[in-house]
Amino acid sequence: MDTTSFDKTEIDGPIHRSLRHDSAHKHVTGSAEYIDDIPEPAGLVHGALGLSDRAHAEIVSMDLSEVEATPGVLWVMVAKDVPGENDISSGGRHDEPLLAETKVEFHGQPIFAVFAETRDIARKAARKAKITYKDLPHFTDIDTAIENGGALVIDPMTLKRGDAKIEMDVAPRRLTGTMRIGGQEHFYLESHIAMAVPGEDDEVTLWSSTQHPSEIQHIVSHILQVPSNAVTVQVRRMGGGFGGKETQGNQFAALCAIAAKKLNRAVKIRPDRDEDMSATGKRHDFRVDYELGFDEEGRIHTVDATYAARCGFSSDLSGPVTDRALFHADSSYFYPHVHLTSRPLKTHTVSNTAFRGFGGPQGMLGAERFIEEIAYAVGKDPLDIRKLNFYGETGSGRTTTPYHQEVEDNIIARVVEELETSSDYRARRDAIIEFNKTSPIIRKGIALTPVKFGISFTMTAFNQAGALVHIYNDGSIHLNHGGTEMGQGLYTKVAQVVADAFQVDINRVKITATTTGKVPNTSATAASSGTDLNGMAAYDAARQIRERLVKFATDNWNVPEEEVVFLPNRVRIGLEEIAFNDFIKKAYFARVQLSAAGFYKTPKIHWDRAAGRGTPFYYFAYGAACSEVSIDTLTGEYLMERTDILHDVGKSLNPAIDIGQIEGAFVQGMGWLTTEELWWDGKGRLRTHAPSTYKIPLASDRPKSFNVKLAEWAENAEPTIGRSKAVGEPPFMLAISVLEALSMAVASVADYKVCPRLDAPATPERVLMAVERLKKV
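Residues numbered from 1 in each chain as written. Predicted model: local features only at pLDDT ≥ 70, side-chain atom pairs only at ≥ 80, totals over all residues. Heavy atoms only, no water.

1. Some words on the sheet that holds strand S6 (residues 130-135)
Read from one edge to the other, the open sheet built from three strands follows the order S4-S2-S6, with strand pairing classed as antiparallel. Edge positions in the open sheet fall to strand S4 (103-104) and S6, since each of these has one partner strand only. Note that strand S2 (residues 57-63) and S4 share two bridges and pair antiparallel. Pairing of Ala57 across the sheet is with Val104, part of S4. (Pairing = 2+ DSSP bridges. Helix = DSSP H or I, 4+ residues; strand = E, 2+ residues; numbered from the N terminus.)

2. As for empty space enclosed by the protein
The final tally for this structure, using the stated rule, is seven cavities of 30 Å³ or more. Taken as a whole, the largest cavity holds about 100 Å³ of empty space. The wall of the largest cavity is formed by 13 residues, among which Glu96, Phe106, Gln251, Ala279 and Phe313 lie closest to the centre. Within the lining of the largest cavity, the residues separate by chemical class into eight nonpolar, four polar and one charged. Residue classes in the lining of the second largest cavity are distributed as eight nonpolar, no polar and five charged. (1 Å grid on protein atoms, 1.4 Å probe; cavity = no way out; pocket = protein on both sides within 12 Å on 5 of 7 lines; lining within 4 Å. Points joined across faces, edges and corners; volume = space filled by probe spheres on them. Nonpolar A, V, L, I, M, F, W, Y, C, P; charged D, E, K, R; others polar.)

3. With respect to the packing of helix H11 (residues 382-389) against helix H13 (residues 425-438)
Running from N to C, H11 and H13 point in directions that differ by 145°, and their axes come no closer than 12 Å. In this structure, H11 uses Pro382, Leu383, Asp384 and Lys387 to contact H13, whose residues at the interface are Tyr425, Arg426 and Arg429. Its residues placed into classes, the contact of H11 with H13 shows three nonpolar, no polar and four charged. (Axes fitted to C-alpha atoms, helices over the stretch in contact; angles between N-to-C directions. Contact = heavy atoms within 4.5 Å.)

4. So, the packing of aromatic side chains
According to the stated counting rule, one finds 21 aromatic pairs in the structure shown. An angle of 80° between the planes, with centres 5.0 Å apart, marks the rings of Phe327 and Tyr403 as edge-to-face. With Phe327 in helix H9 (residues 318-327) and Tyr403 in the loop between H11 and helix H12 (412-422), this residue pair connects regions lying 76 residues apart in the sequence. Plain terms: the ring middles of Phe502 and Phe580 are 6.3 Å apart, the flat faces sit at 55° to each other, and that makes the pair tilted. Of this pair, Phe502 sits in helix H14 (residues 490-502) while Phe580 sits in helix H16 (residues 580-589), and the two are 78 residues apart along the sequence. On the basis of relative accessible area, Phe502 is assigned to the buried category, the value being 0%. (Phe/Tyr/Trp six-rings, centres within 6.5 Å; stacked < 30°, edge-to-face > 60°. Buried < 20%, exposed > 50% of the residue type's maximum accessible area, 1.4 Å probe, protein only.)

5. Regarding the pattern of salt bridges
Opposite charge on two side chains permits them to pair, given that their charged atoms come into close proximity. According to the stated counting rule, one finds 59 salt bridges in the structure shown. Note that Arg386 is salt-bridged to Glu368, the shortest N-O span being 2.7 Å. Remark: Glu368 occurs in helix H10 (residues 360-378) and Arg386 occurs in helix H11; sequence separation between them is 18 residues. Like Glu368, Arg386 is buried. Each of Asp381, Asp384, Lys387, Glu417, Glu420, Arg426 and Arg429 takes part in one network of salt bridges that share partners. (Salt bridge = Lys/Arg side-chain N within 4 Å of Asp/Glu carboxyl O.)

What follows is the structure, given as structure tokens:
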């Protein structure tokens, strides 16, 4: 029975309204289905990895007889068993084997895989391997990589404008320095997992916890030597991704697929947390070496900097990650003369990969160190130096980035001014300086830092998306698109777009799992572009169907197009109103096509890496954070007292989800800059490979007072979906305010005369060492 209300003024779940995440109730009750929750197929085989225990060595011999003889073991796979090319590299550089064959290049590298009747049997059997190695020299960090010749995993990039070196010689003041920036483990709640089910002929279906189903499809197809149309990849949801599931799922899916076809049984691999952390990539560590030229006011004249990164043994995504670091080495500041170079170094560690921000946080953090250095050098509040060096408005002559893109939508000054006022920054800073004069042990610090983050994949081809929308003849809607859901609310936002387009309640829109069998050639859900791309593709599909429905109405009711209006759950045609269900039924019987494939490609962007010129970003997202901390100068321990955030998401599609993303990104960024420390020992072993040794932030680590607001006046100048802006990565860098606040607290020990040069992560030990160092100044 049709229960349409003909006096309803708004649908449930339009765009620009807060709506709960579609799976929120499932998340909190534990009923959300992840891959390990899927009922296991009969005869499921379980896989486990055999990992290297050397950082760099030749494999002299490998005795797997005890592994194979273990009761319950069905097959032990080695490199020669790969049907196609033994390669899972993301960028097509053929530098990352699925299984090591003659040489291992990091501790924890997969050498073989065991497939058995149970997971426990497979894991125990994998430990019985007897492998003889010939050790080779290894280096695991940036400094030793440089000392050993500085081999690169990919060609570096240079950005330049003006003449940085000549201007450095004539700058009124100059300084040099080095900053070290630590990496970060993704620590998604759901570790990597894949399950493969063999089909007839050359077919295989995979369930994979991945942000990039099409890449899994591509990798598996060439590993199996079958066309892509034989491989179907499905993803309903991930228990977190953060970039760690963009390329790193390749090896697990490929191993499952090979074994499934070999054994003709379903196969699943789920590494435990230690194996996951040892065998998969992380955020890149960086060392930034810089020289700055500036004047007595603190205005930057020239910047010359090199960004060296620990990339691991293969290229993975290190090229675009180090490129994006350079793209954000300006943060929100105009450099009249600039010379920036990346240095993507090879190390004998797991290959580092995408992580929320994708190099942008490291580049931006370096820029904030530049500002801090200048502020202490000229004796001013760092916020004043920041404001002095902001990009200007169009026509100011201060809008060109180091990569020669014009900043046309600059609102950073307004965002910072509003937050400066609402957070009472000036009065609080004065009060903190007075407090520090009389407090011998506890010292406080406060900082207000900006964010300007470019949105788009820097690989132009990735800026495309597809979607599939069906309306069934009962008026219900089926939605599928190429984006993946990892808890960020993408599915909800895109469903809101479709519901809004047809003016129906969102419960009519069925959200379905991402699958390569419905929408082909998808890009990774990454670069903060998930909603921008997939929302527009879904809107395009809905638009096509709407246009057909409008034509059907005009032809059959004999009214002009402007008299066909979609109202909440109904359609007005001339003077008549018809329930949406009934209207769709009539359209079906009139043989109107009620399905459409939508497509979208981001306009206006182009990039020439060799020249270091172009417009790699469609627009910029802005924000600012003001954080206050307290440190104990006897122990280095600290507390987050308060954080105020004002962030630009354009015209928000879903304010509740966006605020949640901002809060989560800030806390994750705070962890990167304070408690999360990766440490390799002298044998190249990652020792921080479990929650017992690797410390992510707890709920108790959040600021005691945490105030987050959206810049409600903001609207994207570009015609994005609903004039919204991306929210996945930009707020991550709001946490830089925490490191800067800690730095101010440390600086108080030397009466703010010296830049503390506090590196990241600013663990309590590192804070204490900085305090002791400044006591001697």
